[in-house]
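Spelled out from the first residue to the last, the chains are:
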Amino acid sequence: MYCEYPKNAFQVLINRQCPATHPFCVIDVPFDVLLNQRYRCATAPRRTDLMVHLMNSSQLLAQVNNDNELYGGHSNCMLTAFYSPDCAFSIRMVSYLYQLPRMYPRLHIVATDARDHSKLNSRYGIIGTPTILLWVDGSVVSRMDEAPFSLKAFKDYIEKWTDLELEYIAAMENESGLIENIQFHKSSFDWYLCMSWCSFMLSIVYFFMNSKYGQAFWATVQTNYIQPNQAQR
């Protein structure tokens, strides 16, 4: 005598243990290696304030400490963009950054001025701008290697590291209101670049004149030009 199990016995067991209607109960596809490498962010509640939040280093540290705790059983996922108002690359990035809250409303988007020298820069290796970091439950899990100068670059990065999917939300009329007071200093002349080039050229001249080739060149100039002119006088 033997017992015949129904064909959908496994599905019935799963539904009893993890009802599909439960918002925090997710069954991954077995042996899906790519899915297991992605962080769980899709169970987070949708954010109502679809905007990029501007935080200083102290506010960001407080946010990171708060994200260490789980609220309601879901993960806290945050994407932080470290920018500089004087950086042309940051200016180029911000036009795509403010669209992310509408594309991924379950992801907390934050912008932080990297000029605010704090322990965050040294702790997380913020040596240039823009730098994009992904946080899950208060810990940095990845850094965006690709240049953040297109929506496709942001989309590929977010969907590579999280289980979030693109959501299409109607565009707002006042798109400038999606960013809190992010102001960039636009100048027609880049003084920092000019000073960098001047320092570079002076360094080349200094090392050349102290080399044997520079000394030979200076001796030739003295012999052929300076000394004959002094003799004529």
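Thresholds, definitions, all that
Residues numbered from 1 in each chain as written. Predicted model: local features only at pLDDT ≥ 70, side-chain atom pairs only at ≥ 80, totals over all residues. Heavy atoms only, no water. Phe/Tyr/Trp six-rings, centres within 6.5 Å; stacked < 30°, edge-to-face > 60°. Helix = DSSP H or I, 4+ residues; strand = E, 2+ residues; numbered from the N terminus. Buried < 20%, exposed > 50% of the residue type's maximum accessible area, 1.4 Å probe, protein only. Core = buried A, V, L, I, M, F, W, Y, C linked by side-chain atoms within 4.5 Å. Contact = heavy atoms within 4.5 Å. Pairing = 2+ DSSP bridges. pLDDT = per-residue confidence, 0-100.

Under the defined criterion, the tally for this structure stands at 5 aromatic pairs. Ring plane angle 25° and centroid distance 6.0 Å describe the contact between Phe89 and Phe149, whose orientation is recorded as stacked. Separated by 60 residues along the polypeptide, Phe89 in helix 4 (residues 88-97) and Phe149 in the loop between strand 5 (139-143) and helix 7 (151-161) bring together distant segments of the chain. A relative accessible area of 17% means that Phe149 is categorised as buried. Look at Tyr124 and Trp135: their rings are 5.0 Å apart centre to centre, the planes differ by 70°, and that puts the pair in the edge-to-face class. Here Trp135 lies in strand 4 (residues 131-136) and Tyr124 lies in the loop between helix 6 (119-123) and strand 4, a separation of 11 residues in the sequence. On the accessibility criterion, Tyr124 (18% relative accessible area) is buried. Take Trp135: its relative accessible area is 1%, and that puts it in the buried class.

Counting residues in hydrophobic clusters, the biggest one holds 25 residues, and the most contacted among them are Leu79, Met93, Leu97, Leu100, Leu107, Ile132 and Ile158. Among the secondary structure elements, those contributing two or more residues to this core are strand 2 (77-83), helix 4, helix 5 (100-103), strand 3 (108-113), strand 4 and helix 7. The contacts of Leu79, once residues within four sequence positions are left out, are Leu97, Leu100, Leu107, His108, Ile109, Val110, Ile132, Leu133, Tyr157 and Ile158.

Let's shift gears to the pairing of strand 2. Of all 7 residues that make up strand 2, 7 are buried, and the element is covered over most of its length. Every second residue of strand 2 is oriented toward a common face, with Cys77, Leu79, Ala81 and Tyr83 on one face and Met78, Thr80 and Phe82 on the other, all of them buried. For strand 2 and strand 4, the ladder comprises 6 bridges, and the chain directions are antiparallel. Each residue of the ladder has a partner; that of Cys77, found in strand 4, is Val136. As defined by bridge partners, strand 2 adjoins strand 3 across 6 bridges and the pair is classed as parallel.

Further remarks concern the confidence of the model for the protein chain. When the pLDDT values of the protein chain are averaged, the result is 76; 69% of them are 70 or greater. Note that pLDDT drops below 50 for residues 19-35; the model gives that stretch 17 contacts with residues more than four away or on any other chain. Segment residues 172-180 is flagged for pLDDT under 50; beyond a separation of four residues in sequence, or across chains, it makes 18 contacts in the model.

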